[in-house]
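Summary of the model geometry
Each chain, letter by letter, is given below.
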Amino acid sequence: MSVTALQPDDRRAVDALQQSLAGTARLGVAFSGGVDSSVLLALAADALGPGRVLALLGVSPSLAADEREAAHRVAAHVGVPVVEVETAEGDRPEYRRNGPDRCFHCKDELFARISSDVVSRYGLTAVAYGENADDARRPDRPGARAATAHAVLRPLADAGLDKAAVRRVARAYALPCADKPAAPCLASRIPHHSEVSPEKLAQVERAEAGLRRLGLADLRVRHHGAVARLEVAVEDLPALVSDPLREQALQVVRAAGFRFLAVDLAGIQSGAFTLPLVGVREG
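Small disclaimer: the values here were computed from a predicted structure and weren't measured.

Rules used in this analysis
Residues numbered from 1 in each chain as written. Predicted model: local features only at pLDDT ≥ 70, side-chain atom pairs only at ≥ 80, totals over all residues. Heavy atoms only, no water. Core = buried A, V, L, I, M, F, W, Y, C linked by side-chain atoms within 4.5 Å. Buried < 20%, exposed > 50% of the residue type's maximum accessible area, 1.4 Å probe, protein only. Helix = DSSP H or I, 4+ residues; strand = E, 2+ residues; numbered from the N terminus. Contact = heavy atoms within 4.5 Å. 1 Å grid on protein atoms, 1.4 Å probe; cavity = no way out; pocket = protein on both sides within 12 Å on 5 of 7 lines; lining within 4 Å. Points joined across faces, edges and corners; volume = space filled by probe spheres on them. Nonpolar A, V, L, I, M, F, W, Y, C, P; charged D, E, K, R; others polar. Domains from an automatic or database assignment.

**Points about the nonpolar core**
- Counting residues in hydrophobic clusters, the biggest one holds 40 residues, and the most contacted among them are Val39, Leu41, Leu43 and Leu161.
- Those elements giving two or more residues to this core turn out to be helix H1 (8-21), strand E1 (27-31), helix H2 (35-48), strand E2 (53-59), helix H3 (65-78), strand E4 (126-129) and helix H9 (163-172).
- In this structure Leu41 touches Val29, Phe31, Val53, Leu54, Ala55, Ala75, Val78 and Val80, once residues within four positions along its chain are discounted.
- In this structure, Tyr95, Leu211, Leu219 and Leu237 belong to the second largest nonpolar core, which totals 25 residues.

**Considerations on the layout of surface pockets**
- Roughly 280 Å³ of internal volume is contained in the second largest pocket.
- The wall of the second largest pocket is formed by 18 residues, among which Glu67, Ala70, Lys180, Pro181 and Arg212 lie closest to the centre.
- At five residues, the largest contribution of residues to the lining of the second largest pocket is made by H3.
- A breakdown of the residues in the lining of the second largest pocket according to their chemical character gives nine nonpolar, one polar and eight charged.
- Split by domain, the residues of the lining of the second largest pocket number at least three in each of domain 1 (8-173) and domain 2 (186-277).

Structure follows, in structure tokens:
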């Protein structure tokens with residue numbers, strides 16, 4: 001893998017990140033297969049050697065099966081072994097209550113499991129996760145508090161690598177996820193203060209997997225009881241509301257357990273449920 005094609009600013013940031021990791025004997029990367037954690041994994045493997053890096057994949061009902069498989073493919077491409085960490089955030093009442101701080105309880109569970117079950121077993125001297133510089137500035141990322149509490153490193157953010165720069169690095173490394181749309185956990189599809197349950201997560205997973213098989217790549221199925229509110233890329237809206245895709249999408253969503261399908265004309269919305277509750281309007 002090579003980053004010789006990177007822009008000078010990106011190259012300097014990558015160099016700074018890799019130098020910051022140079023003294024780490026064995027690093028665990030909290031890994032989801034998304035572009036941020038995948039870039040961190042690739043840069044860490046490049047800096048330390050794949051034998052000194054471990055990809056730590058949190059597995060629970062909030063991780064879709066497709067995402068789990070894709071994460072293993074990315075780690076294999078990088079050449080780093082994966083350890084699956086079984087998490088039980090669903091056992092936490094605070095997580096199930098699904099307030100705006102739900103992500104804190106999820107990340108706290110993951111980092112606590114890593115600290116108690118993985119660090120000593122695999123001789124890790126540090127753990128890092130894929131917060132980027134844009135994430136660090138957002139008010140709807142309570143998981144960052146959990147990282148601080150567990151002394152988890154955030155090398156991308158510290159090096160000043162924002163979302164656009166992370167994408168450029170991913171392409172330079174030819175990562176399979178370089179152009180993959182963002183894929184937040186399934187719990188993010190459930191409105192805050194509506195309980196997170198395995199049944200709801202499974203409904204969302206079935207609906208989204210079926211819709212992707214119809215050719216809709218970037219999407220969210222928001223769970224509103226009997227109603228599935230579907231967000232897709234704006235350019236996909238004309239096809240979605242026209243047959244045959246309209247009827248096919250309706251059948252998929254009903255088969256997943258919803259009665260109604262509503263299409264959100266605003267398109268894909270990051271932080272759709274959380275941002276309004278922390279006093280930020282989406283642009």
